[in-house]
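Residue strings, one per chain:
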Amino acid sequence: MTTSLWRGTTNPTGCPMLVEDIQTDIAIVGGGIAGVSLAWRLVQAGRSVVLLEANALGVGDTGNSTGNLYATVSSGLRAIRQKWGDDVVRQVAQSRGEAVDWIEEHVHRLGIDCAFRRCPLVRYPASADARDGIEAEFEASLAAGLAIRREGVLPPGLPHAHGDALVLEQQAQFHPLAYVLALARHAADNGCRIFERSPVVEIDRSQQLLRTERGSVKAQHIVLATHSPSGFHLMQAGMVPHREYGLAAPLNGDSFPAGIFYAEGSERLSVRGLDTTQGNYLVCVGQTAKTGQHDAAAAMARLEESARLRLGIRQIAFRWSAQNFPSPDGLPYIGKDAFGCYVATGFATDGLTYGTLAAAIIADRILGADNRWSELYRATRLTAVKSAKGTAEEVVSMGKALIQDYLTRRQHEQLQSLAPGSAAIAELEGERVAAYRDPAGRLFAVSPVCTHMKCIVHWNAVEASWDCPCHGSRFAPDGSVLSGPALAPLTIKLVPDQESGT
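Below, the structure is looked at part by part.

Reading the values: the criteria
- Residues numbered from 1 in each chain as written.
- Predicted model: local features only at pLDDT ≥ 70, side-chain atom pairs only at ≥ 80, totals over all residues.
- Heavy atoms only, no water.
- Helix = DSSP H or I, 4+ residues; strand = E, 2+ residues; numbered from the N terminus.
- Expected span 1.5 Å × (residues − 1).
- Buried < 20%, exposed > 50% of the residue type's maximum accessible area, 1.4 Å probe, protein only.
- Contact = heavy atoms within 4.5 Å.
- Core = buried A, V, L, I, M, F, W, Y, C linked by side-chain atoms within 4.5 Å.
- Pairing = 2+ DSSP bridges.
- Right-handed = clockwise from strand over helix to strand, strands pointing away.
- Disulfide = S-S within 2.5 Å.

What to know about helix 5 (residues 131-143)
Phase 1 of the analysis: With 13 residues, helix 5 extends 19 Å from end C-alpha to end C-alpha; this agrees with the ideal 18 Å at 1.5 Å per step.
Phase 2 of the analysis: Among all positions of helix 5, only Gly133, Ile134, Glu137, Phe138, Ala140, Ser141 and Ala143 are buried.
Phase 3 of the analysis: The secondary structure elements touched by the buried residues of helix 5 are helix 3 (78-84), helix 4 (86-110), strand 4 (117-125), strand 5 (148-151), strand 6 (165-173) and strand 12 (260-264).

Below, the structure written as structure tokens:
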């Protein structure tokens, strides 16, 4: 298992588990930045709010993010400009800039200690073949109305750039988990009821009812702020889930130059510093890879090697990964879906800013106020031409996973020979199982069939989880749901005390 820098430098909140039946105005599923920001906005407007988090507040993708905030997007605005044109790329930059400003305002107004600072975003070519992309990004940023400039020299400590860098001033960084936990405390102090360790196991849309293992919430409005919305939703058909790997290295008292540094080229690398009372750190985040369709241990090893070679890192204090869901047309889905729930998804690797923006849009919709960005990010939009490439990629990706897993046998591991700390798709009494033997030697075996859309799960050796390559559901070795869209656990085939005779 892994722990992010953000989780390693904050204390848990200890909110209770839901063990009762509740009625409320708004029920929010998901305790990341989107859900908590929305809860704060709604209780400020006098609404009764219940927030359900399956694990602990912020420990999902918010607590495994980069902690960077910007008006642009991490992959660059050029792709959005190519699909949508100059007017939309300006709207994207303006709406995201407003979200960053909102975070800054509330950090100061509420006195949140989360290391917030304004800083430049620097994007540079790490190889000669990235120069054309950097030039296209410069033009897209100008079209978006951003005050971007070229710079010939990078700050000390960064790798050599193969051409001019692009500098965008007045972007921001913070400690995302410290921020979300503080905002959640303020929301709770203002009447929001927050429950942790309360995963939703059923969504009854006809009754506007959420059921957990030990309680339920009936609400006028249901908001699924879970990155990929729980259950079945039409937009999931076009979103290919990806994982991104990160690490943090101690800086032995020195501070890294303030800024967000993106290396573009054959191997993407995002770098930033963080100064804490426990010490100063350098944060490195690598390329994304399709969930369940890559070797997680190899991906982490590549990031570590890149950090050592390009930044001189010798010691690694924290390792982690996060999941993201890019939309096929390049814009997130925010608002009410075709089934009547509010959703916020398709953020790609830009969830901290988009999650904050989603909270503003959904809050206005619920409160009956106009929001000038709601139509741009409408959850039920149909953009067949703009989505064609992304949707085709999802279809091909899902098809490959199904063919590979249902028509071939990926592994022929015998349960008896499965080493401690390893996992495999194995045979048990003539049936395929997803088997894992923990470091203590206990054997777990569950069905390998994802309960969401029946794809076959793959083992993630970095996070010790079974990950679905089709829509990104993740399960613990015992089959319990770590993250959706799946609601039901994997069926247990063997528990540790049944191992004798296998």
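Considerations on the nonpolar core
Across soluble globular proteins, nonpolar side chains have a tendency to be buried as a group.
Phase 1 of the analysis: Membership of the largest hydrophobic core comes to 87 residues, with the highest contact counts inside it found for Leu5, Ile28, Leu77, Val92, Phe174, Tyr179 and Tyr377.
Phase 2 of the analysis: Among the elements that line this core, the one with the most residues is helix 4, at ten residues.
Phase 3 of the analysis: With sequence-adjacent residues up to four places away left out, Leu5 is seen in contact with Ala248, Leu274, Tyr281, Val283, Phe318 and Trp320.
Phase 4 of the analysis: By size, the runner-up hydrophobic cluster in this structure holds 27 residues, among which are Phe256, Ala263, Ala296 and Ile316.

Comments concerning the pairing of strand 1 (residues 21-29)
Phase 1 of the analysis: Among the nine residues of strand 1, seven are classified as buried, and the element is accordingly described as predominantly covered.
Phase 2 of the analysis: Pairing geometry for strand 1 and strand 10 (residues 216-224), over eight bridges, is parallel. Bridge pairing links Ile28 to Val223 in strand 10.
Phase 3 of the analysis: Pairing analysis gives four bridges linking strand 1 to strand 2 (residues 49-52), with the strands arranged parallel. By the bridge assignment, Ile26 is partnered in strand 2 with Val49.
Phase 4 of the analysis: Assessed by its sense of winding, the connection that carries the chain from strand 1 through helix 2 (residues 33-44) to strand 2 is right-handed.

A short note on the state of the cysteines
Phase 1 of the analysis: A complete count under the given rule lists one disulfide for this structure.
Phase 2 of the analysis: Between the sulfur atoms of Cys455 and its disulfide mate Cys470 the distance is 2.0 Å. Across the S-S bond linking Cys455 and Cys470, the dihedral sits near -95°, which makes this disulfide left-handed. Taken together, the residues span a long stretch of sequence, with Cys455 in the loop between strand 20 (443-446) and strand 21 (458-460) and Cys470 in the loop between strand 22 (465-467) and strand 23 (474-475) at a distance of 15 residues. The burial state of Cys455 is the same as that of Cys470; both residues are buried.

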